[in-house]
Amino acid sequence: MCGRARCTLRADDIPRACHRNTGTVRSVNMDRYRPSYNASPGSNLAVVRRDDTGSGAGANGGEGYAIHCMKWGLIPSFTKQSEKPDFFKMFNARSESLSEKASFRRLIPKSRCLVAVEGFYEWKKDGSKKQPYYIHFKDGRPLVFAALYDSWKNSEGEILYTFTIVTTAASSAIQWLHDRMPVILGDKEATDTWLSVSSNSKFDTVLKPYEHSDLVWYPVTPAMGKPSFDGPDCIKEIHLKMEEKGSISKFFTRKEFKEESNPEEITHGKSLKLEPKSVKEECESDGKLETPCSAKTVDYDLKSEPETFSHEGESKCRTKRGCEELVDSKLKTDEIVKPKSSPAKKKANLKSVDDKQPTLLSYFSKE
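If you're wondering where the values come from, they're calculated on a predicted model, not measured in any experiment.

Trainee: Teacher, can you tell me more about the overall build of the protein chain here?
Mentor: Helix and strand content of the protein chain: 9 helices and 15 strands. Counting across all 367 residues of the protein chain, residues that qualify as buried make up 37%. Taking the intrachain contacts of the protein chain between residues at least 6 apart in sequence as the baseline, contacts between residues at least 24 apart amount to 71%. Roughly 23500 Å² of accessible area belongs to the protein chain as shown, and the carbon and sulfur atoms make up 53% of that amount.

Printed below as a string of structure tokens:
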């Protein structure tokens, strides 16, 4: 496919670009020609064709040629006069089916022409995105396309000349970009073959991909996708941003994902976030347990009953402290022998021991 092209050539340079250097070349409707960096179907472009009127023939009576400004996008002559012309319907013609479709087959004998441009555009599809590339010759010389033209009379009696660009399979060098390309006639011999009226002309031999290495390309701004966008910025090369494969940010992202998806923390397909209690929280929770023979309890008991506190009470308190030390040593022994249990079980055990352990207040209450 070829739906956009750059044609900023001067009118008098177009015949030379098509290797029509001898004889007089007649101009037809060239006042309508508008050079453009972003020509699309419906644009007025110049084509070179054979001139059968005789006014363009050379001094030696040879074939004459005409440079003719036409609309890009073929409108067959059998189109109804009342119809609105659609230039996007047949702006390209597949070389493989030229002899099969009536719109093109009848044009092959006498309506072959040449289209000279500086380059054309193709889009590379990447998912939903499309990146345009500008394709041209490395040395900057014009490209010459094979084309067909026709004429159509509208309801007002005006005769409109239109053309279509012939396409073929993409060359091996640009297959990555697109599967089609215009038929490029790279030398004078190829242009002569395409324009020749001889019955022995092997014009179909030039309908093949252009495989030479002097065809180059580079990415351009996606803004030129709009036909209204025109000017030198259309062919200004841009630098594409390539994603860095295996970047450091992606590395850490994968690592964090692996850490969060620990199989020990996943239950029924859901990830549970385990947050262990801090040391401060554990101490505060442990502090809620009953503390045997605390200093605060002793102070309270001493203030409440100072008269009854005697040496006998002191000896009993020492006996009580010995009992506490015995209980503590037993607990330590149990911790060594028994396997470690969960914090909840440990708290329950401590609470049960403290419940059985008498306090100094209960001692005085017995008396």
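The discussion continues.
Trainee: Can you help me understand the pattern of salt bridges in this one?
Mentor: Oppositely charged side chains can pair when the atoms bearing their charge come close. In this structure the tally under the stated criterion is 10 salt bridges. Residues Arg-16 and Asp-13 are paired through a salt bridge, measuring 2.4 Å at the closest nitrogen-oxygen approach. Residue Asp-13 is classed as partly exposed on the basis of its relative accessible area, which comes to 24%. Close ionic contact of Asp-139 with Arg-141 constitutes a salt bridge, the shortest N to O distance being 2.9 Å. With relative accessibility at 54%, the residue Asp-139 sits in the exposed group. Classification of Arg-141 as partly exposed rests on a relative accessible area of 27%. A cluster of three or more residues bridged by salt bridges with shared partners is formed by Arg-10, Asp-12, Asp-13 and Arg-16.

Trainee: How should I be thinking about the packing of aromatic side chains in this particular structure?
Mentor: Two measures describe an aromatic ring pair: the distance that separates the ring centres and the angle between the ring planes. The final tally for this structure, using the stated rule, is 10 aromatic pairs. Measuring from ring centre to ring centre gives 5.7 Å for Tyr-134 and Tyr-218, while their planes differ by 65 degrees; the resulting arrangement is edge-to-face. In this pair, Tyr-134 sits in strand E9 (residues 129–137) while Tyr-218 sits in strand E13 (residues 215–219), placing the two residues 84 residues apart along the sequence. The exposure class of Tyr-218 is buried, given its relative accessible area of 17%. Aromatic rings pair up to connect Trp-72, Phe-88, Phe-91 and Phe-163 into one cluster. The ring of Tyr-65 carries the charged tip of Arg-20 above its face, separated from the ring centre by 5.0 Å. Directly above the ring of Phe-203 sits Arg-112, whose terminal nitrogen or CZ lies 4.7 Å from the centroid.

Trainee: I'm lost on unusual backbone geometry in this one. Help?
Mentor: Trans peptide bonds make up the majority, and among non-glycine residues the majority have a negative phi. One non-glycine residue, His-19, lies in positive phi territory at about 65 degrees. Position of His-19 relative to the elements: it lies in the loop between helix H1 (14–17) and strand E2 (25–28). Note on His-19: relative accessible area 26%, which makes it partly exposed. The backbone of Asn-29 sits at a positive phi, close to 55 degrees, despite the residue not being glycine. By secondary structure assignment, the location of Asn-29 is in the loop between E2 and strand E3 (36–39).

Trainee: Help me understand the nonpolar core in this model?
Mentor: General note: in soluble globular proteins, nonpolar side chains tend to be found buried as a group. Counting 60 residues, the largest nonpolar core has Phe-145, Phe-163, Ile-184 and Trp-194 as its most contacted members. In contact with Phe-163, other than residues within four places in its own chain, are Leu-45, Val-47, Met-70, Lys-71, Trp-72, Gly-73, Leu-74, Val-115, Ala-147, Leu-148 and Tyr-149. Within the second largest apolar cluster, 7 residues are counted, among which are Tyr-134, Tyr-218, Cys-234 and Ile-235.

Trainee: Quick question: what am I supposed to make of the environment of Arg-6 here?
Mentor: Assignment of secondary structure puts Arg-6 in strand E1 (residues 5–7). Placed 129 residues apart in sequence, Arg-6 and Ile-135 show a C-alpha to C-alpha distance of 9.8 Å. With sequence-adjacent residues up to four places away left out, Arg-6 is seen in contact with Ser-36, Tyr-37, Val-117, Glu-118, Gly-119, Tyr-121, Tyr-134 and Ile-235. Looking at Arg-6, its side chain comes within polar contact range of the side chain of Thr-8, at 3.3 Å.

Trainee: Any chance you could explain the side chain of Ser-40 here in plain terms?
Mentor: Structurally, the position occupied by Ser-40 is in the loop between E3 and strand E4 (44–51). Judged by its relative accessible area of 7%, Ser-40 falls in the buried class.

Trainee: Help me understand the environment of Gly-3 in this model?
Mentor: You can see Gly-3 is positioned in the segment before E1. Look at Gly-3 and you get buried, because its relative accessible area is 17%. Separated by 117 residues in sequence, Gly-3 and Phe-120 have C-alpha atoms that sit 8.1 Å apart. Excluding residues within four positions of it along the chain, Gly-3 makes contact with Ala-39, Ser-40, Pro-41, Trp-72 and Phe-91.

Scoring rules and cut-offs
- Residues numbered from 1 in each chain as written.
- Predicted model: local features only at pLDDT ≥ 70, side-chain atom pairs only at ≥ 80, totals over all residues.
- Heavy atoms only, no water.
- Helix = DSSP H or I, 4+ residues; strand = E, 2+ residues; numbered from the N terminus.
- Buried < 20%, exposed > 50% of the residue type's maximum accessible area, 1.4 Å probe, protein only.
- Contact = heavy atoms within 4.5 Å.
- Areas by Shrake-Rupley, 256 points an atom, 1.4 Å probe, with all protein chains shown as cover.
- Salt bridge = Lys/Arg side-chain N within 4 Å of Asp/Glu carboxyl O.
- Phe/Tyr/Trp six-rings, centres within 6.5 Å; stacked < 30°, edge-to-face > 60°.
- Lys NZ or Arg CZ within 6 Å of the ring centre and 35° of its normal.
- Core = buried A, V, L, I, M, F, W, Y, C linked by side-chain atoms within 4.5 Å.
- Polar contact = N/O pair within 3.5 Å; in protein donor to acceptor, adjacent residues only side chain to side chain.

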